[in-house]
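Examination of the molecular architecture
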Amino acid sequence: MPAQASIPASRRIVVKLGTGVLTHGIGELNTDRIAALAAGIAALRRAGTEVIVVSSGAVGLGMGRLGLKKKPADVSRKQACAAIGQSLLMQTWQAAFAPQKATVAQVLLTHEDLRSRARHLGVKDCLEELLSYGVIPIINENDTVSAAEIKFGDNDTLSALVAGLVGAQHLVILSTAPGLIDLKGTGRILPVIEKITPEVEAMAGGTTDITATGGMISKITAAKIALRAGCGVFIASGAEPDILARLFSGDNPGTYFVPAGVPLESKKRWIAHYQRPAGSILINECAVPVLRDQGRSLLAVGVTGVRGRFVAGDIVNIIGPGDALIARGESTFDDTDVARIAGMPSERVKPLFPARKHLEVIHRDNLAVL
Ligand code: GLU
């Protein structure tokens with residue numbers, strides 16, 4: 001099984017811990033479990049595996065401290081909860097790692113930090129530096145300053161982006177969900193997923209466990225991001241006491257997702273997952289296989305229209321018939337120019353832009369098929 005063959009060779013991993021794993025009820029820390037997880041992480045570290053933790057829990061802990069029973073709908077109240085909870089979270093991790101003689105570091109990220117190429121590389125350098133000292137970085141989204149429109153959305157996505165950023169071999173997502181349940185067949189956990197097909201996605205959507213419903217879909221989305229970076233993904237139960245030791249001895253009680261054989265190159269990954277698309281370019285049926293299967297550039301002749309506003313150099317979604325998201329890429333033109341040349345063969349586009357060398361609407365080097 002790939003899980004057994006690959007895990008012991010892991011040099012660097014990202015472990016994502018959900019709020020449900022770290023707490024009992026609202027804002028009540030499960031200190032025994034946190035201590036066990038810290039011991040498991042420290043053991044891996046001692047055995048030579050670099051570990052980065054992505055820890056949720058800030059908002060939940062803040063809610064507990066303020067006596068709130070429901071997740072606030074109000075953004076500023078949520079931000080306040082995160083501000084209170086984040087310090088409690090770090091205090092807890094520090095205490096949990098102290099008996100392990102391990103130093104932890106708090107790293108709070110916003111989407112902007114990974115979106116801008118320069119900041120993206122800065123975050124990577126900082127994480128490398130921390131790891132070189134044997135420190136365990138504990139990452140969370142900086143919820144206190146992240147407004148809705150600039151949020152990662154969930155820590156599953158954040159953990160996958162971090163795994164891609166640092167070139168981790170494995171991402172371990174520990175939550176209350178023990179794995180992906182085979183809803184079409186045995187009703188048991190699927191041990192290995194070779195490819196995330198629409199059928200696999202449907203199984204994630206169909207989970208009956210209330211706590212895992214939205215959760216599993218976002219985990220599958222995150223898994224896709226990590227797999228394309230060549231990073232294998234485990235989804236397993238964080239309630240299992242020795243889960244990390246078990247996984248790393250090749251015993252996988254959850255679901256293992258096999259990574260892409262040939263990872264997407266770094267620039268394309270950045271286009272595909274780290275950017276927020278400014279608008280969309282709509283394409284016709286014939287252009288879909290040209291991009292998806294032949295890896296070619298998008299030409300004006302395949303374009304049927306645009307949605308939203310964007311300027312040359314922005315990242316846009318490429319949408320096929322039936323509103324299917326096909327790819328993402330960096331547009332060569334502003335939205336108005338794309339609309340103007342939509343459907344034109346290249347010989348008609350050329351005289352409109354005599355000074356331009358490249359007339360592809362999106363050059364294949366700047367295009368990532370999703
Ligand atoms: N960043 C949020 C928190 O720490 C959690 C988001 C998530 O679990 O996906 O409370």
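Refer to the structure printed above.
These lines cover the structure that appears in this document, whether it is placed above or below. All values reported here derive from a predicted model rather than from experimental measurement.

Here strand β2 (residues 50-55) lies mainly inside the structure; six of its six residues are buried. The side-chain alternation of β2 yields two buried faces, one formed by Glu-50, Ile-52 and Val-54 and the other by Val-51, Val-53 and Ser-55. Bridge count for strand β1 (residues 12-17) against β2 is six bridges, and the pairing is parallel. Looking across to β2, one finds that Lys-16 is bridged to Val-54. Pairing geometry for β2 and strand β4 (residues 136-141), over two bridges, is parallel. Within the sheet, the bridge partner assigned to Val-53 lies in β4 and is Ile-138.

Right, let's talk about the site of the ligand for a bit. Surrounding the ligand, one finds Ser-56, Gly-57, Ala-58, Val-59, Asn-140, Asp-143, Asp-154 and Asn-155. The backbone of Val-59 places a nitrogen or oxygen atom 2.8 Å from an oxygen atom of the ligand. Within the contact set of the ligand, an oxygen atom lies 2.8 Å away from a side-chain nitrogen or oxygen of Asn-140. In isolation the ligand has 300 Å² of accessible area, and contact with the protein removes 83% of it.

Turning next to the environment of Lys-195. With respect to the helices, strands and loops of the structure, Lys-195 is situated in the loop between β6 (192-193) and α9 (198-205). According to the relative accessible area criterion, Lys-195 is exposed, its value standing at 61%. On a C-alpha basis, the gap between Lys-195 and Ala-260 in space is 8.6 Å, while along the polypeptide they are 65 residues apart.

Spatially, β3-β4-β2-β1-β5-β7-β8-β6 is the arrangement adopted by the eight strands of the open sheet, whose pairing is mixed. Edge positions in the sheet fall to β3 (104-109) and β6, since each has one partner strand and no second. As paired strands, β1 and strand β5 (residues 170-175) are joined by five bridges and run parallel to one another. For Val-14, the partnering residue across the bridge sits in β5 and is Leu-171. Most of the contacts of helix α3 (residues 31-46) go to β2, to which it runs at about 155°, and overall it touches β1, β2, β4 and β5. With respect to the sheet, helix α8 (residues 155-166) is in contact with β1, β2, β3, β4 and β5, its orientation differing from that of β1 by roughly 170°.

Each value, and the rule that gives it
Residues numbered from 1 in each chain as written. Predicted model: local features only at pLDDT ≥ 70, side-chain atom pairs only at ≥ 80, totals over all residues. Heavy atoms only, no water. Buried < 20%, exposed > 50% of the residue type's maximum accessible area, 1.4 Å probe, protein only. Helix = DSSP H or I, 4+ residues; strand = E, 2+ residues; numbered from the N terminus. Pairing = 2+ DSSP bridges. Near = heavy atom within 4 Å. Polar contact = N/O pair within 3.5 Å; in protein donor to acceptor, adjacent residues only side chain to side chain. Areas by Shrake-Rupley, 256 points an atom, 1.4 Å probe, with all protein chains shown as cover. Contact = heavy atoms within 4.5 Å. Axes fitted to C-alpha atoms, helices over the stretch in contact; angles between N-to-C directions.

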